Amino acid sequence: MSDGKLFAKSNSVELRAELEQAMKKSKSHSRIKIVLRKVIANIILNNNELAAMMPDVIDLFKIDDLEIRKMCFQYLSNYAHVNPRDASEALPYLEQFLNDSSPIVRALAIRTLASVANKDYIERTVGAVRTGLGDVDPYVRKTAAYAVSRLYQHDPTRTEKHNLISELNELLYDKNQVVVSNALASLSYVTDHSRTLTLAIDKAHSMALITHLGNANEWCQIYILNSLMSYVPQNSEEALDLIEATIPSLQHENSSVVLNAIKVIVYYSHYVKNPGLIFPTLPKRLGTSLISLLSKPAEIQFLVLRNVILLLLGSKDLVSFEVEMFFCHNEDPIYIKDTKLEIIYLLANEQNVHVVLRELEEYATEVDVSMARKAIRALGNLAVKLPNAADACVEVIQNLFNEGISYIVQESAVVLKNIMRKYPNKFQQETLELVKFYKLIDEPDAKASMIWIIGQACQFIDSVETIFEVIISNFKDDPIEVQYATLTAATKLYLMLPEKGEKTVLNVLKWATEESDNPDIRERGYIYWRLISSEYASGKSGNFQEVTKEIILNPNPIISPENDSIDPKILEELELNIGTLASIYLKPVSHVFRLAKVKSLPNSPVLQKRAQGPVTSDVTVATKNAQSTSGRKVSVISSPVADTSFPARNLTPRSTSSKQTYDSTGSSNEDISSKDSFAKRLTRKATQLAARKGSRD
């Protein structure tokens, strides 16, 4: 019978009838095996109704056939907890099998006993495991080692009371490397789930474990490599010896072995001062081993790439990469491309930035719109990160939006706003070129950015009032972040260009205070109205709106790319979990595995303190999307950006010696009396609106 036909959902009555028929016919063993295969297939299909067949399956233990017994053991392991009363009938058979001449049968009996959490099974498991740990056959000892961790999972108190963990510890000195590695795996599970137990080994035992690596299979090598991190070197020479002994594992074909070897090397490098100088080829070898894994399937590539990000954030001096190795390929899935973009950003410097810019410009012209947007974000973030390359980055961005493609223009508006924040009074010509494409702006984030740009550079834009009127024509239907930006920009326009901005600011404030349903927008409108209509707005000198300019036109804080560092404690914990899910999410282990123990570097006389850099509060700063000024996900690697839709919160007039982004007295020679009359009209209007608001309340 083909395997496909076995995976048909059956009920216990049908299978019991088939089993009875098979028992009556010749060559009954082969027919019984077919029925049992159907039972195992239904176990995979999660058919718990078959638990009713427990007595029938237990009777099959009488048959002296290893394959039949294997399937019966598997059935018992899966359904004993569903039907515990009938499962107890199998205990005499299991106790008999513990003394069987076949080591496979003995091991299967131990594994089955340890897999069932029923009380009567647990009581018999203790003696069976103790016997198995001293068995002459290494396969039985290996199975018994695993059974200790299973028993600890079911009943930790009983396991410790009968000293099974101490007996398991003795297996670390076994001559068989498979037994040793499985004992290490079991001990690791026990110590990870115990509040009082820890795994500790000495230097001699560490070197002895390393000698087993060459003859062990892949799983055993992983267990051995993980156990090496239980040794704390007391001097740099010990750490160097263990690093050198682990380096050959970097050439292994299995990706998990390679990642665990890297984890061990990174761990011991914390106990050596400048390991890259002592082992000059170490950074290159680590980088090469990771690059070689990029030929694996996409899922493995993603794991490797996320760990590359972790190493670049925490141990950049310990690894060496060529940025070209992370350029995207057409066949890469989107999540691989996103991760590679993050790595390209982290690796970009003033030496390779021109190569990076050419590559990002190519991505920005791809048919894939999502990839093109992310490439433009990366260009904007590079301009913020590398001041000497900012001109080249902006030039590429300008070349892109000059094509007049809608999504490119909109993404360019978002990144150019951040660039203007980083470099005030620079890139004015590029800004004016971008404003020419204002009719292509329709997305909320891009619209908020374009409005902010117009408000900042309104003095240099021809027909700015006309452009502004077109953009804000749908103010009442715009999202709240766009309305915030509109209120601030309209006020700036009036303060810097009173004659051009008078009509605009009146319309916007009227919409905000009379027609908006959002209380925050209304309050913002009233605040701005009061500011510009106050009798104290002109200050002691009498200059037009002097005090209001000090508040509204106060320079925004300059943004900086401080996202290349994360909390050192979290970074330390992540490095001790290289190759796990935590390293993919770049989050603390407790956020991924709720019950996991928090790991940290054990103290030692030679432990090197990590340099304290600028720390961000969120571990996910290196992810492809980060929050921007108005709630937008703007960047492949985000830069901390303050909310630019709000004016600066300094409400105290600044001294006249303070520097402004733009000339706040550029209209001082205009007719003061006409401006004062306009201020009086605004005052009357604000009084009327306040009265209406009070009557509504």
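Just so it is clear, the structure is predicted and the values come from calculations on it, not from any experiment. (Residues numbered from 1 in each chain as written. Predicted model: local features only at pLDDT ≥ 70, side-chain atom pairs only at ≥ 80, totals over all residues. Heavy atoms only, no water.)

1. Examining the overall build of the protein
Looking only at helices and strands, the protein has 36 helices and zero strands in total. Split into buried and exposed, the 697 residues of the protein put 54% on the buried side. Sequence separation of at least 24 residues holds for 71% of the intrachain contacts in the protein that already meet a minimum separation of 6. (Helix = DSSP H or I, 4+ residues; strand = E, 2+ residues; numbered from the N terminus. Buried < 20%, exposed > 50% of the residue type's maximum accessible area, 1.4 Å probe, protein only. Contact = heavy atoms within 4.5 Å.)

2. A short note on the packing of helix H21 (residues 334-347) against helix H23 (residues 369-385)
As a packed pair, H21 and H23 sit with axes 10 Å apart at the nearest point and diverge in direction by 10°. If you check the angle between H21 and H23, you find them roughly parallel. As for how H21 packs across H23, the hand of that crossing is right-handed. Contacts from Ile334, Lys337, Asp338, Leu341, Tyr345 and Leu346 of H21 reach H23 at Ser370, Met371, Lys374, Ala375, Asn381, Leu382 and Lys385. For the contact of H21 with H23, the class distribution of residues is seven nonpolar, two polar and four charged. (Axes fitted to C-alpha atoms, helices over the stretch in contact; angles between N-to-C directions. Parallel < 35°, antiparallel > 145°, perpendicular 65-115°, else oblique. Left-handed = near helix turned anticlockwise from the far one by under 90°. Nonpolar A, V, L, I, M, F, W, Y, C, P; charged D, E, K, R; others polar.)

3. Observations regarding a nonpolar patch on the surface
Where nonpolar side chains cluster on the molecular surface, the patch consists of Phe7, Ile44 and Leu45 and spans about 290 Å² of accessible area. With respect to the helices and strands, Leu45 occurs in the loop between helix H3 (28-44) and helix H4 (54-59). Given a relative accessible area of 35%, Leu45 falls into the partly exposed group. (Patch = residues over 30% accessible without salt bridge, like charges linked within 9 Å, V, L, I, M, F, W, Y side chains within 5 Å. Areas by Shrake-Rupley, 256 points an atom, 1.4 Å probe, with all protein chains shown as cover. Salt bridge = Lys/Arg side-chain N within 4 Å of Asp/Glu carboxyl O.)

4. Overview of helix H15 (residues 218-228)
Within H15, burial applies to Cys220, Gln221, Ile222, Ile224, Leu225, Ser227 and Leu228. Where H15 is buried, its residues meet helix H13 (177-192), helix H14 (203-211), helix H16 (236-246) and helix H17 (255-269).

5. Comments concerning the packing of helix H2 (residues 12-24) against H3
With their axes 8 Å apart at the nearest point, H2 and H3 run at an angle of 165° to one another. One finds that H2 runs roughly antiparallel with respect to H3. Viewed along their axes, H2 and H3 form a crossing whose handedness is left-handed. Of the residues in H3, those touching H2 at Leu15, Glu18, Leu19, Ala22 and Met23 are Ser28, Arg31, Ile32, Val35, Lys38 and Val39.

6. Structural notes on the environment of Leu312
Residue placement: Leu312 occurs in helix H20 (residues 298-314). Considered as a pair, Leu312 and Leu347 are 35 residues apart in the sequence and their alpha carbons are 8.0 Å apart.

7. Remarks on the environment of Leu184
If you trace the backbone, Leu184 turns up in helix H13. Those residues within four positions of Leu184 in sequence are excluded, and the remaining contacts are Leu172, Leu209, Tyr223, Ile224 and Ser227.

8. Side note on helix H25 (residues 406-422)
Over its 17 residues, H25 extends 25 Å from the first C-alpha to the last, a length consistent with the 24 Å expected when each residue adds 1.5 Å. The buried fraction of H25 is high, at 16 of 17 residues. (Expected span 1.5 Å × (residues − 1).)

9. What about the pattern of salt bridges?
In total, this model carries 22 salt bridges according to the counting rule given. Its salt-bridge partner being Glu67, residue Lys33 comes within 3.4 Å of it at the nearest N-O pair. On the criterion of sequence distance, the pair formed by Lys33 in helix H3 and Glu67 in helix H5 (residues 66-79) is long-range, its members being 34 residues apart. Between Glu411 and Arg377 there is a salt bridge; the shortest N-O distance is 3.2 Å. Taken together, the residues span a long stretch of sequence, with Glu411 in helix H25 and Arg377 in helix H23 at a distance of 34 residues. Pair check on accessibility: Glu411 and Arg377 agree, each one buried. Salt bridges sharing partners connect three or more residues here, namely Lys33, Arg37, Asp65 and Glu67.

10. Brief notes about the packing of aromatic side chains
One pair of aromatic rings is described through two measures. These are the centre distance and the angle between the planes. For the structure on display, the rule yields 14 aromatic pairs. Considering the side-chain rings of Tyr494 and Phe544, the 5.5 Å spacing of their centres and the 80° angle between planes classify their relative orientation as edge-to-face. Highlighted residues: Tyr494 in helix H29 (residues 480-496) and Phe544 in the loop between helix H31 (519-533) and helix H32 (546-552), separated in sequence by 50 residues. Here Tyr494 and Phe544 have matching classes, each one buried. Through successive ring pairs, a cluster of aromatic residues spans Phe61, Phe73, Tyr93 and Phe97. For Lys385, the ring lying beneath its charged end belongs to Tyr345, and the centroid distance is 4.6 Å. When the ring centre of Tyr423 is taken as origin, the NZ or CZ atom of Lys426, which lies over that ring, is 5.4 Å away. (Phe/Tyr/Trp six-rings, centres within 6.5 Å; stacked < 30°, edge-to-face > 60°. Lys NZ or Arg CZ within 6 Å of the ring centre and 35° of its normal.)

11. Overview of unusual backbone geometry
With phi around 60°, Asn46 is a residue other than glycine that occupies positive phi space. As for its placement among the helices and strands, Asn46 is situated in the loop between H3 and H4. Its relative accessible area of 56% is what places Asn46 among the exposed residues. In this structure, Phe427 is a non-glycine residue whose phi angle is positive, near 60°. Structurally, the position occupied by Phe427 is in the loop between H25 and helix H26 (428-435).

12. Details of the environment of Ala239
As for its placement among the helices and strands, Ala239 is situated in helix H16. You can call Ala239 buried: its relative accessible area is 0%. It is 7.2 Å that separates the C-alpha atoms of Ala239 and Ser269, two residues lying 30 residues apart in sequence. Sequence-distant contacts of Ala239, that is, excluding residues within four places in its chain, are made with Pro233, Tyr268, Tyr271 and Val272.

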